[in-house]
Amino acid sequence: MQIERRELIKLFIGVISAHLLLNFTYKDEDVFWYMFTASSLVLISYAILNSRVEDKLSPALFLAYGVASGLLLFGVFYLGYFVLEALDSASVRDVAKLYRDYAPNNIWQYLALILFVVPGEEIFWRGYVFSKLKKQSNLIYSIMASSLLYASVQIYAEAWILVVAAIGAGIYWNILYHWKKSMPLLIVSHLTFDLLLFWYLPV
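Draft legend 1. Representation of the pattern of salt bridges. Counted by the stated rule, this structure contains five salt bridges. Linking lysine 56 and glutamate 54 is a salt bridge whose minimum nitrogen-to-oxygen distance equals 3.7 Å. Accessibility expressed as a relative area gives 58% for lysine 56, which makes it exposed. Salt-bridge contacts for aspartate 101 lead to lysine 97; the nearest nitrogen and oxygen are separated by 2.7 Å. Here the residue aspartate 101 and the residue lysine 97 both occupy positions in helix H4 (residues 91–102), the gap between them amounting to four residues, near one helical turn.

Draft legend 2. Main features of the side chain of glutamine 109. Locating glutamine 109 in the fold gives a position in helix H5 (residues 107–136). With residues up to four places along the chain from it excluded, the contact list for glutamine 109 reads Trp33, Ala103 and Pro104.

Draft legend 3. Spotlight on the environment of valine 67. On the secondary structure map, valine 67 appears in helix H3 (residues 59–86). With a relative accessible area of 37%, valine 67 lands in the partly exposed category. Taking the C-alpha atoms as reference points, valine 67 and glycine 80, separated by 13 residues in sequence, lie 20 Å from one another. Setting aside chain neighbours within four positions, we find valine 67 in contact with Val188 and Thr192.

Draft legend 4. Inspection of the environment of isoleucine 9 at higher detail. In this fold, isoleucine 9 is placed in helix H1 (residues 2–25). Expressed as a C-alpha distance, the spacing of isoleucine 9 and alanine 90, which sit 81 residues apart in the sequence, is 39 Å.

Draft legend 5. Expanded view of a nonpolar patch on the surface. There is a patch of nonpolar side chains on the surface, built from Val31, Tyr34, Ile107, Trp108, Leu111, Ile114 and Leu115 and spanning about 670 Å² of accessible area. Considering each element in turn, the nonpolar patch owes the most residues, five residues, to H5. A residue is classified by how much of its surface remains accessible, and isoleucine 114, at 33% relative accessible area, is partly exposed.

Draft legend 6. Expanded view of the packing of aromatic side chains. One pass over the full model with this rule turns up 19 aromatic pairs. Centre to centre, the rings of tyrosine 110 and tryptophan 199 are 6.2 Å apart; their planes meet at 45°, and the pair counts as tilted. Here tyrosine 110, found in helix H5, pairs with tryptophan 199, found in helix H8 (residues 183–200); they are 89 residues apart in sequence, far enough to count as distant. For the ring pair tryptophan 173 and phenylalanine 193, a centre distance of 5.7 Å and an interplane angle of 80° mean the geometry is edge-to-face. Note that tryptophan 173 is positioned in helix H7 (residues 160–180) and phenylalanine 193 in helix H8, a separation of 20 residues in sequence. Per residue, the accessibility class of tryptophan 173 equals that of phenylalanine 193, and both read buried. Among the aromatic side chains, those forming a connected cluster through ring pairs are Tyr26, Phe32, Trp33, Phe36 and Tyr102. Stacked on the ring of tyrosine 150, the Lys or Arg arginine 126 has its end atom at 4.3 Å from the ring centre. The ring of tryptophan 179 has lysine 180 sitting right over it, with the charged end atom 4.1 Å from the ring centre.

The rules behind the values
Residues numbered from 1 in each chain as written. Predicted model: local features only at pLDDT ≥ 70, side-chain atom pairs only at ≥ 80, totals over all residues. Heavy atoms only, no water. Salt bridge = Lys/Arg side-chain N within 4 Å of Asp/Glu carboxyl O. Buried < 20%, exposed > 50% of the residue type's maximum accessible area, 1.4 Å probe, protein only. Helix = DSSP H or I, 4+ residues; strand = E, 2+ residues; numbered from the N terminus. Contact = heavy atoms within 4.5 Å. Patch = residues over 30% accessible without salt bridge, like charges linked within 9 Å, V, L, I, M, F, W, Y side chains within 5 Å. Areas by Shrake-Rupley, 256 points an atom, 1.4 Å probe, with all protein chains shown as cover. Phe/Tyr/Trp six-rings, centres within 6.5 Å; stacked < 30°, edge-to-face > 60°. Lys NZ or Arg CZ within 6 Å of the ring centre and 35° of its normal.

Structural data, given as structure tokens:
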């Protein structure tokens with residue numbers, strides 16, 4: 001019981017730290033990528049110190065599953081964007097603002113995305129938060145709770161569509177991690193999704 005309580009306290013500290021870091025990260029668009037990179041490094045370090053990530057697939061398999069799952073998720077989001085556009089939803093303007101303010105626009109920002117931001121999000125939110133919750137509770141609760149926690153730090157971007165998108169993506173990647181037990185797969189999936197989102201979403 002003492003061990004469980006200690007782990008929950010560490011988890012609470014980690015999530016609160018993520019909120020503080022992301023709050024500062026979204027404060028100023030001009031330094032967003034510097035702060036996002038630094039925040040990701042802090043969260044990676046915290047997760048690695050407090051948990052172990054799983055890696056149970058060969059490189060060929062995690063690459064194949066990762067690219068395929070990233071393409072699938074992008075396809076769902078791509079169709080969703082067209083639906084919102086057809087409905088003339090205000091969230092289309094939110095998406096455009098998010099791209100304008102926060103999308104990577106030079107080589108070092110794409111490198112930061114690939115090397116630090118995407119691995120940081122997956123290692124912390126799936127490898128640490130989801131995995132810890134799964135040990136303390138049932139699977140469905142763990143999937144939903146960790147997805148909501150993942151989405152909760154997106155509130156600082158002040159765009160509800162990003163929060164909703166993070167809930168959906170969080171559920172998807174949690175299920176994928178539980179099913180395939182491969183952190184490299186999640187990183188490839190998330191990276192495939194993000195790159196397609198930044199390159200091809202019609203905003």
